[in-house]
Amino acid sequence: MDKIDSKIISLLQENARYPLKYLAEKVELSSPAVSARIERLEAQGILTGYHATLDPVTLGYHITAFINLTLEPHQKVEFYPFIEACPNVLECNCVTGNYSMLIKVCFPSTQELDIFIGQLQTYGKTETQIVFSTPVQPRGINISVLNLSDDK
């Protein structure tokens, strides 16, 4: 990966709907050359998808929360399919510390969050933090800090 790839990735993280022509102008290459680079970045597993960003509150999901969960290692076989199937789970991470799972969820109400926490408590102890605000929204990785070559 070189500085041109880095610039393409940064632009796509900014707006994945930028036309190839726009990307090509920004990196001073032809559209086919940019397309080939994007395909290569996808094949290498660097670019893994393109996503729309939604406003949960506008959609009626007023409660965002992080839930810590204790989970015994032998429970993972049962827990992973359960958590994967939960549509309100935005993210689930296996973490270190006093808890073994950190789960980000979004619900229309605290009542629905409470029901979900009850389901989680069949697996282990929980601790929940409800989000009041998000001063830094989810964002891409700043790859401009990598030491990249100028090769094209």
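Scroll up to find the structure this text is about.
Overview of the structure. (Residues numbered from 1 in each chain as written. Predicted model: local features only at pLDDT ≥ 70, side-chain atom pairs only at ≥ 80, totals over all residues. Heavy atoms only, no water.)

1. Observations regarding the state of the cysteines
For step 1, the next point in the chain: Enumeration according to the criterion identifies 0 disulfides in this entry.
For step 2, the next point in the chain: Distance from the sulfur of C94, which forms no disulfide, to the nearest cysteine sulfur (C92) is 8.0 Å.
For step 3, the next point in the chain: Under the relative-accessibility criterion, C94 is labelled partly exposed at 49%.
For step 4, the next point in the chain: Between C106, a cysteine without a disulfide, and C86, which holds the nearest cysteine sulfur, the sulfur-to-sulfur distance is 14 Å.
For step 5, the next point in the chain: Looking at C106, the relative accessible area reads 6%, which means it is buried. (Disulfide = S-S within 2.5 Å. Buried < 20%, exposed > 50% of the residue type's maximum accessible area, 1.4 Å probe, protein only.)

2. Structural notes on the pattern of salt bridges
For step 1, the next point in the chain: Taken as a whole, this structure holds 3 salt bridges when the rule is applied.
For step 2, the next point in the chain: A salt bridge links R37 to D2; its shortest N-O distance comes to 3.0 Å. Note that R37 is positioned in helix 3 (residues 31-43) and D2 in the segment before helix 1 (3-14), a separation of 35 residues in sequence. Take R37 and D2: they sit in the same class, and that class is buried.
For step 3, the next point in the chain: Between R37 and D5 there is a salt bridge, with its nearest N and O atoms 2.7 Å apart. Note that R37 is positioned in helix 3 and D5 in helix 1, a separation of 32 residues in sequence.
For step 4, the next point in the chain: Judged by its relative accessible area of 1%, D5 is buried.
For step 5, the next point in the chain: Through salt bridges with shared partners, one network takes in D2, D5, R37 and R40. (Salt bridge = Lys/Arg side-chain N within 4 Å of Asp/Glu carboxyl O. Helix = DSSP H or I, 4+ residues; strand = E, 2+ residues; numbered from the N terminus.)

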